[in-house]
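# Coordinate inspection notes
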Amino acid sequence: AIAATRLFLARFEKARQIASKIRVLYQLSRDILSKEHHYSFGLRNVNAVVDTIIASHEAFINERPGESIERDDPAEDEMRLAARVVREVNLPQLFPDDVAIFDSLLQDVFGMDAPLDTTTGDARD
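Because the structure is a prediction, the values reported are computed rather than measured.

## Some details on the packing of helix α1 (residues 2–9) against helix α2 (residues 15–32)
Look at α1 against α2: their axes get within 8 Å of each other, and the N-to-C directions meet at 145°. Read as a crossing pair, α1 and α2 show a hand that is right-handed. Across the interface between the two elements, Ala-3, Ala-4, Leu-7 and Phe-8 from α1 touch Ala-15, Arg-16, Ile-18 and Ala-19 from α2.

## Section: the confidence of the model for the protein
For the protein, mean pLDDT is 84; residues scoring 70 or higher make up 79% of the total. Overall, residues 120–125 carries pLDDT values under 50, and its contacts beyond four positions in sequence, including any with other chains, amount to 16 contacts.

## Quick notes on the pattern of salt bridges
Applying the stated criterion across every chain, the model contains 3 salt bridges. Notably, a salt bridge pairs Arg-6 with Asp-51, separated by 2.1 Å at the nearest N-O pair. Of this pair, Arg-6 sits in helix α1 while Asp-51 is found in helix α3 (residues 43–63), placing the two residues 45 residues apart along the sequence. Take Arg-6: its relative accessible area is 25%, and that puts it in the partly exposed class. The partly exposed category is assigned to Asp-51, whose relative accessible area is 39%. With a shortest N-O distance of 3.1 Å, Arg-84 and Glu-88 are connected by a salt bridge. With Arg-84 and Glu-88 both in helix α4 (residues 74–90) and 4 residues apart, the pair spans about one turn of that helix. With relative accessibility at 40%, the residue Glu-88 sits in the partly exposed group.

## A closer look at α1
Taken together, the buried positions of α1 are Ala-3, Ala-4 and Leu-7. What you see down the axis of α1 is that its buried residues fit within an arc of 100°, all on one side. Exposed side chains of α1 directed beyond 90 degrees from the buried face belong to Ile-2, Phe-8 and Leu-9. Considering only its buried residues, α1 is in contact with α2 and α3. Immediately downstream of α1, the backbone of Arg-11 shows phi near 70°, a positive value.

Conventions and cut-offs
Residues numbered from 1 in each chain as written. Predicted model: local features only at pLDDT ≥ 70, side-chain atom pairs only at ≥ 80, totals over all residues. Heavy atoms only, no water. Axes fitted to C-alpha atoms, helices over the stretch in contact; angles between N-to-C directions. Helix = DSSP H or I, 4+ residues; strand = E, 2+ residues; numbered from the N terminus. Left-handed = near helix turned anticlockwise from the far one by under 90°. Contact = heavy atoms within 4.5 Å. pLDDT = per-residue confidence, 0-100. Salt bridge = Lys/Arg side-chain N within 4 Å of Asp/Glu carboxyl O. Buried < 20%, exposed > 50% of the residue type's maximum accessible area, 1.4 Å probe, protein only. Arc of directions from axis to C-beta.

Rendered as C-alpha cells:
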C-alpha cells in the first residue's frame with residue numbers, strides 16, 4: 001500500500017498495478033531463487049525500487065519539458081520503466097545462476113513477451 005501511494009502521488013496512472021506486480025515478483029523471488037542470506041526482497045528494497053522509479057520518471061520529465069513519458073501507451077511505458085528499474089536495482093545482488101530465473105519471473109509478472117534489454121529496458125527481439 002505504501003508503494004502504491006508513493007507512485008500515485010508521483011502521478012503514475014498504474015501505481016496500484018505496479019506496486020502489486022513488485023509485491024508478487026518479490027514473493028516469487030523469495031520462494032524460487034536460491035536462499036542466499038544477502039538477498040533482500042523486503043520493504044527496504046521495495047522503497048529503493050520505488051525511489052528509483054520516481055527519480056527515473058522525474059528525470060525523464062525534467063530532460064524533456066513539455067513532454068510526458070508516454071509514447072503510444074502510457075500505462076505500458078510506466079510498466080516498462082518499473083520493470084527496468086526493478087531489474088537494475090536487484091541485478092547486483094543476484095548470483096549468476098539466479099539472474100535468468102529472476103529475468104523470467106520479471107517478464108512473467110510484468111507481462112512482457114521478450115527479455116528486457118539491459119541497456120535500455122526495452123524488450124529485445
